[in-house]
Each structure stands twice: as structure tokens, then as C-alpha cells.
Amino acid sequence: MSDEDSISSPDEIAVLQAYIDLINSEREAIWARHNALLVANSLIIGALAISPTALWENKWAALGMIGAGVLISAAWLLITVEGWSAMKRHADRARTFALAHFKHLPNALDETLCDRAQTNIHHLILLVIGVFVLMYLGLGYIRLVSA
């Protein structure tokens, strides 16, 4: 390999940096959305737990809160799956670009962006969403059976 082949152009470096920035931006957005929806669901569950008599006396108010929680959880699930999918697409493009334009360097993108730890984190987030859905379904069942 000649010295010319091992030198990356400023344009190539800028493109790779743009890919990395896009991946990091999507990762930050995933966590911001996750945190916001976790708080929203926690507030709904808290409202159902703190005011059981006032809220549970009105069947439709309780079912409305539970329905809102299920709807928010469904949106949370879809947003999470789409966000992780977008981040993976960006990582795949960055990895392909790095392999084509930075052959002379080790490709850190292979090991850091979508490895097993990231997959495990994704599955744990989906588990948290599933726990909230199960809580809402359980509360709805209890409300309908005890009504």
C-alpha cells in the first residue's frame, strides 16, 4: 500500500464524522424519548396508585387512564423500535463507508456501535415497556372484574 492510499482526504474524514454525529444524535434522542415516556408512564401508574378511591369510583376515569397508559406504551414501543432501527442503519452505513475509505485503519465501528451490549440494552428497554403494558392490562382487568 502506498502512502497516498493510506491518507484520508478531509472530505472523507468529514463524511465519517457526519455519520458518527448522526449515530450519536440518534442515540441521544432514543434515551431522551425513553426517559420522557418512562416518566409519563410512571406518572400515570402513580396517579392510579395514589388516588385509588377517587379515581376508581368512576369506572370510565380509571379505564381512560389505563387506556392512555396503554396507548402511550404502544407509542413508546414503536418509537423505540424505529429509533434503534434508524441508529442501526446509520451504523451500517458508517461501517461500510469506513471499510471502503479507511482500509488502512482498524474499523472501530464494528465493535462499538451495534455489539451485543447494545442489543442487550435494546432488549431490556423493550422489557421495561412490556412491564408497563402488563401493569396496565392487569389494572384494567382488575377494574373490569371488580366493577
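Look a little higher up for the structure.
Rules behind the numbers
- Throughout this document, residue positions are counted from 1 along each chain, in the order its sequence is written.
- Residues qualify for local features only when their pLDDT is at least 70, as the model is predicted, and side-chain atom pairs are given and counted only at 80 or more; totals for whole chains, interfaces and linings, by contrast, use all residues.
- Only heavy atoms go into the side-chain values, all of them from the structure, while hydrogens and water stay out.
- Numbering of helices and strands runs from the N terminus; a helix is a DSSP stretch of H or I covering at least four residues, while a strand is a stretch of E covering at least two.
- When a residue's accessible area, from a 1.4 Å probe over protein chains only, is under 20% of the maximum for its type it is buried; when over 50% it is exposed; and in between it is partly exposed.
- In this description, contact between two residues means that some pair of their heavy atoms is separated by no more than 4.5 Å.
- We get accessible surface area from the Shrake-Rupley algorithm with a probe of 1.4 Å; when it comes to residues, only the shown protein chains can shield them.
- Note on geometry: axes are C-alpha line fits, over the in-contact stretch for helices, and angles between N-to-C directions span 0 to 180 degrees.
- Angles below 35 degrees are treated as roughly parallel, those above 145 as roughly antiparallel, those between 65 and 115 as roughly perpendicular, and all remaining angles as oblique.
- Each crossing gets its handedness from the near helix: less than a right angle anticlockwise from the far helix is left-handed, clockwise is right-handed.
- Only centres within 6.5 Å qualify two rings of Phe, Tyr or Trp (six-membered ring in Trp) as a pair; their planes then separate them into stacked at under 30 degrees, edge-to-face at over 60, and tilted for everything else.

Below, the discussion takes up the overall build of the protein chain. The number of helices and strands found in the protein chain is 6 helices and 0 strands. Every one of the 147 residues in the protein chain was classed for burial, and the buried ones make up 29%. Partitioning the contacts of the protein chain with sequence separation of at least 6, the portion at a separation of at least 24 is 81%. About 9,100 Å² of surface is accessible on the protein chain, with carbon and sulfur atoms providing 67% of the total.

Between helix α2 (residues 10-50) and helix α4 (residues 59-101), the shortest axis-to-axis distance is 9 Å and the interhelical angle comes to 165°. When the axis of α2 is compared with that of α4, the two are roughly antiparallel. You can see that α2 and α4 cross each other, and the crossing is left-handed.

Moving on to the packing of aromatic side chains. What the rule picks out here adds up to 3 aromatic pairs. A network of ring pairs unites the aromatic residues Y19, F97 and F102 as a single cluster.

All quantities given are derived from atomic positions and should not be read as evidence of function.
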